[in-house]
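The residues making up each chain are set out below.
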Amino acid sequence: MIYNYYPGCTLSTKAKELDVAARKCAEALGFPLVELPNWQCCGAVYPMAPDAIAERLSAVRALVAARDNGGVLVTLCSACHHVIKRVNDDMANVKEIQQKVNNYLGLEVPYTGETKVLHYLEVLRDVVGFENLKAKVVKPLQGRNIGAYYGCLLLRPGQVMSFDDVERPEILENFIKVIGATPVIYDMRNECCAGYMAVTDKNLCKEMVSEIQDNAADAGAGEFITACPLCAYNLLENAGATKLPVSYFTEVLAEALGLNEGGAD
Amino acid sequence: MVINNKERAEMLRQLAGTNVSLCIQCGRCSANCPVAWKMDVLPHRFVYELLNGGNVDVLLEAKSPWKCLSCFSCAERCPKGVSPAAIMEAVRLTHIRAQGNNKLNPADLENYDDKMPQQAIVAAFRKFNK
Ligand code: SF4
Ligand code: SF4
């Protein structure tokens, strides 16, 4: 299987750690990531309006490139995953969008949602398998109490994302167990961090993040892991008095697989 | 061209692409909205005012769409599969698609702190500008 990989704008810049650790671990786990040539930014937010065709094109181009190279597309950033997965669903199920996009792109073979979009965590769970992953852990993160922060975009809308139970997700908690740490469940793990309000309303972000930070700390978490660069930014930069550290899940994975030793990182 | 309330309601319904007539006004969308406490018009009203006899002006004048996070909590938790999030989007688009109505100034980009992820900037410019 070819693991076509869509890094997205933020992973090439401000969230390099998420990307670098992901590639390293994928290599070690036997699913080397092949970056799509010429990918374009996905737009970061799903264009909800049915008439927003131009806004869907970059996602479709990535999906078509993956279709023509084996049919699988791996994503990592929560926002990219959300946008690409939902646009793929539109291309499969919404006739009008499918027709307009294909009419514009004029592809040799029209695209109708054939590509299988997998989030990196889904590859770990469904392709590698958590049991097999566990066998590769050389440095279990014993004694670490980790709160998984899902945010909104990975889970919702559940019907389209079909990633995990939207109200009782467990993929990240199971991942935390596999790498030898203790998952901490707290109620706000699937509530919004205030997202793009980081740009327009910092006070709102602070109010919302304080609640999430306190909620996780009260439940006994000592740190967060997340898959989303914007969640990571808000949790850290807009925290109040409680400021639990935040890492990307690929960083703790690299740590558990012993891939950080001897390196400059 | 002057269009009446009924026609504007129909335009917004089209742009939102969600079936408002399924709504039972249970208020669960508003109860689950993380920024409801900052809104002047709550999410369930965005559905209600698009039903027959609704008042679209209330929605077009509301500040709520500029507080909405597009977190999809309302849509996910609606027992009838309605998406107030999509109506928020439709109202935002109605504003920013009109000339001269951009909310963000690209010149401000240099004032953003240097840790701000591209994702946030791209998202905000998609939501607040055309
Ligand atoms: S949750 Fe759904 S049915 Fe209930 S008020 Fe909101 S839109 Fe209507
Ligand atoms: S999408 Fe907007 S209206 Fe719906 S729950 Fe989230 S913030 Fe509230």
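Source: prediction; values computed, not measured.

Caption draft 1: A look at the domain arrangement of chain A. Residues and elements named next belong to chain A. For chain A, the assigned domains are domain 1 (3-120) and domain 2 (128-256). Put simply, the middle of domain 1 and the middle of domain 2, counted by C-alpha atoms, are 23 Å apart. Domain 1 puts 23 residues into the contact, and the matching count from domain 2 is 21 residues. When the area that domain 1 buries against domain 2 is broken down by residue, the three leading residues are Leu18, Leu29 and Ser78, summing to 29%. Here domain 1 and domain 2 share zero salt bridges between them. Run the count over domain 1 and domain 2 and you get four residue pairs in polar contact (both at pLDDT 80 or more). Those elements that provide at least two residues to the side of domain 1 that touches domain 2 are helix H1 (16-29) and helix H3 (78-93). Along the lines of polarity and charge, the residues of the side of domain 1 that touches domain 2 split into 14 nonpolar, five polar and four charged.

Caption draft 2: Structural view of the domain arrangement of chain B. All names here are of chain B. Once the domains are mapped, chain B shows domain 1 (5-99) and domain 2 (105-130). Computed from C-alpha atoms alone, the centre-to-centre distance between domain 1 and domain 2 is 25 Å. Across the interface of domain 1 and domain 2, roughly 510 Å² is buried in total on both sides, 62% from carbon and sulfur atoms. Sorting the residues of domain 1 by area buried against domain 2 places Trp66, Arg92 and Ile96 first, and these three jointly supply 66% of that buried surface. Remark: the boundary between domain 1 and domain 2 carries one salt bridge. For the salt bridge of Lys127 with Glu89, the shortest nitrogen-to-oxygen distance reads 2.7 Å. Scanning the region where domain 1 abuts domain 2 turns up two residue pairs in polar contact (both at pLDDT 80 or more). Residue composition of the side of domain 1 that touches domain 2, grouped by class: three nonpolar, one polar and three charged.

Caption draft 3: Main features of the side chain of Ser64 of chain B. Residue and element names in this part refer to chain B. Looking at where Ser64 falls in the secondary structure, it is placed in the loop between helix H4 (56-61) and helix H5 (73-77). At 2.6 Å, the side chain of Ser64 forms a polar contact with the backbone oxygen of Val41. Look past the residues within four positions of Ser64 in its chain and what remains in contact with it is Met39, Asp40, Val41, Phe46 and Met88.

Caption draft 4: Seen up close, the packing of helix H2 (residues 57-67) of chain A against helix H4 (residues 95-105) of chain A. Residue and element names in this part refer to chain A. For the pair H2 and H4, the least separation of the axes is 11 Å and the interaxial angle reads 75 degrees. It follows from the interaxial angle that H2 and H4 lie roughly perpendicular. Of the residues in H4, those touching H2 at Leu57, Val60 and Arg61 are Val101, Tyr104 and Leu105. Residues belonging to the contact of H2 with H4 are distributed by class as follows: five nonpolar, no polar and one charged.

Quick notes on the rules
Residues numbered from 1 in each chain as written. Chains lettered and ligands numbered in written order. Predicted model: local features only at pLDDT ≥ 70, side-chain atom pairs only at ≥ 80, totals over all residues. Heavy atoms only, no water. Domains from an automatic or database assignment. Contact = heavy atoms within 4.5 Å. Buried area = accessible area lost by both parts, 1.4 Å probe. Salt bridge = Lys/Arg side-chain N within 4 Å of Asp/Glu carboxyl O. Polar contact = N/O pair within 3.5 Å; in protein donor to acceptor, adjacent residues only side chain to side chain. Helix = DSSP H or I, 4+ residues; strand = E, 2+ residues; numbered from the N terminus. Nonpolar A, V, L, I, M, F, W, Y, C, P; charged D, E, K, R; others polar. Axes fitted to C-alpha atoms, helices over the stretch in contact; angles between N-to-C directions. Parallel < 35°, antiparallel > 145°, perpendicular 65-115°, else oblique.

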